[in-house]
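# Observations on chain architecture
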Amino acid sequence: FIPLQEQIGHFHSASPSIHLLDAKYDELHNYEFARKQGAVPLIDYNPRNEKLTRDALLERGYDHNGWPYAPHCHFPTRPNGFDAAAQRLSFACFKQCLKSKDPALLHLYGNCPHRDNRLGFATHLPIAQHPRLLLEVPRGSERHRQIRYLRSASERTNSTLKDDNAILRQPPARSYRRAAVVSLMGVMTTLIDRVFRFVLDVTVNQRKFKQTGDKHWFDQLSPPEVPAYIK
């Protein structure tokens, strides 16, 4: 990862703001390198030999995403912002126990020392405390999930270009301009391929619905959700 980023920086003067990597790259020096470059290292976490049972997580004080537990009710807190200057994450319980109808939890709230606070129990965790687990975009948050899904879309596209259409398997590109042309042709080919697959699927389903009257095929004709790679 590090030599590749150094080469990209040297030849293209690129400064990525996010490094999106799988758990194979979950090594401390990769996080340190990315942050020194001013980027956010969104690397999948590898728990290795950590105990992730409920009791083990409560004993250590934070869950598998690095979210600390509220000390009184043991609810996992939720992210409440990132302080870039202090390089720390904020967490709060947001009085989750009030949303429960469990009398025991309501009793806990009645005796909670943090109930007068607007957000309930709140705390801060510096990234330096857990530099692999704690990220500038908190693990488990909706924002983290959205960004992380982009990697799957790009990997599917790369797989199509290399394996299905064999465009990028051994591209005869000898300059940046030619490499850009090959890449653009690959993206166009992939998009056309997927559009025609969609047209064929709809045509077949429509024909089967007319022939059988089976509602199952009619349901298949409903507009699909727009994939992330098209958005």
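Overview of the structure. (Residues numbered from 1 in each chain as written. Predicted model: local features only at pLDDT ≥ 70, side-chain atom pairs only at ≥ 80, totals over all residues. Heavy atoms only, no water.)

## Some thoughts on the overall build of the protein
Along the protein, the regular secondary structure elements total seven helices and five strands. Counting helices and strands in the order they occur from the N terminus, the protein gives α-β-α-β-α-β-β-α-β-α-α-α. Each principal axis of the C-alpha atoms in the protein carries an extent, and together these give about 65 × 60 × 35 Å. Looking at the protein as a whole, 29% of its 231 residues are labelled buried. (Helix = DSSP H or I, 4+ residues; strand = E, 2+ residues; numbered from the N terminus. Buried < 20%, exposed > 50% of the residue type's maximum accessible area, 1.4 Å probe, protein only.)

## Some words on the pairing of strand S1 (residues 18–21)
By the alternation rule, side chains of S1 split into His19 and Leu21, which are all buried, and Ile18 and Leu20, of which none is buried. Pairing of S1 with strand S2 (residues 40–43), which is carried by four bridges, proceeds in the parallel orientation. By the bridge assignment, Leu20 is partnered in S2 with Leu42. In the classification by handedness, the crossover that spans S1, the intervening helix H2 (residues 28–36) and the parallel S2 is right-handed. (Pairing = 2+ DSSP bridges. Right-handed = clockwise from strand over helix to strand, strands pointing away.)

## Focus on the nonpolar core
If you look at the biggest cluster of nonpolar residues, it comprises 11 residues: Phe1, Ile2, Leu21, Tyr31, Phe33, Val40, Leu42, Ile43, Leu135, Val137 and Ile147. Put simply, the parts of the chain that give this core at least two residues each are H2 and S2. A per-element tally of this core places S2 first, with three residues. One finds Trp67, Leu89, Phe91 and Leu134 within the second-largest nonpolar core, a separate group that totals six residues. (Core = buried A, V, L, I, M, F, W, Y, C linked by side-chain atoms within 4.5 Å.)

## Structural notes on the sheet that holds strand S5 (residues 122–126)
Strands in a sheet are paired, the pairing made by backbone hydrogen bonds, and the direction either parallel or antiparallel. Read from one edge of the open sheet, three strands run S3-S4-S5, paired in antiparallel fashion. The open sheet has two edge strands with one neighbour each: strand S3 (78–83) and S5. Strand after strand, the sheet turns through a mean of 25 degrees between neighbouring axes, direction not considered. With four bridges connecting them, S3 and strand S4 (residues 88–92) associate as antiparallel partners. (Axes fitted to C-alpha atoms, helices over the stretch in contact; angles between N-to-C directions.)

## Topic: the pattern of salt bridges
Throughout the structure, instances matching the rule amount to 10 salt bridges. Glu50 serves as the salt-bridge partner of Arg60, at 3.0 Å between the closest nitrogen and oxygen. A residue pair is termed long-range when its members are at least 10 positions apart, and Arg60 in helix H3 (residues 54–60) and Glu50 in the loop between S2 and H3 qualify at 10 residues. Among the salt bridges present, the one from Glu155 reaches Arg151, with a minimum N-O distance of 3.4 Å. Residue Glu155 and its partner Arg151 are both found in helix H5 (residues 142–164); the two are separated by four residues, about one turn of the helix. Residue classification places Glu155 among the partly exposed positions, given a relative accessible area of 40%. Three or more residues are tied together by salt bridges with common partners; here these are Asp26, Glu27, Arg48 and Arg132. (Salt bridge = Lys/Arg side-chain N within 4 Å of Asp/Glu carboxyl O.)

## Some remarks on the pairing of S4
Most of S4 is tucked away: four of the five residues are buried. Two successive antiparallel strands, S3 and S4, enclose a turn made up of four residues, where Gln87 displays a positive phi of approximately 50 degrees.

## Remarks on the packing of aromatic side chains
Any pair of aromatic rings gets described here by the distance separating the centres and the angle formed by the planes. Using the criterion set out here, one finds two aromatic pairs in the structure. An angle of 85 degrees between the planes, with centres 5.9 Å apart, marks the rings of Phe1 and Phe33 as edge-to-face. Remark: Phe33 occurs in helix H2 and Phe1 occurs in the segment before helix H1 (2–12); sequence separation between them is 32 residues. Three or more aromatic residues link up through ring pairs in this structure, and these residues are Phe1, Tyr25 and Phe33. (Phe/Tyr/Trp six-rings, centres within 6.5 Å; stacked < 30°, edge-to-face > 60°.)

## Considering the environment of Arg169
Structurally, Arg169 can be placed in the loop between H5 and helix H6 (176–212). Under the relative-accessibility criterion, Arg169 is labelled exposed at 52%. Separated by 10 residues in the primary sequence, Arg169 and Ser159 have C-alpha atoms spaced 9.7 Å apart. Those residues in contact with Arg169 that sit more than four places away from it in its chain are Leu161, Lys162 and Asp163. (Contact = heavy atoms within 4.5 Å.)

## Side note on the packing of H5 against H6
Relative orientation of the contacting elements H5 and H6 amounts to 100 degrees, with a least axis distance of 10 Å. Judged by the angle between their axes, H5 and H6 are roughly perpendicular. The segment H5 lies against H6, with Arg156, Thr157, Thr160 and Leu161 engaging Gly186, Val187, Thr190 and Arg194. (Parallel < 35°, antiparallel > 145°, perpendicular 65-115°, else oblique.)

So yeah, pure geometry; function would need other evidence.
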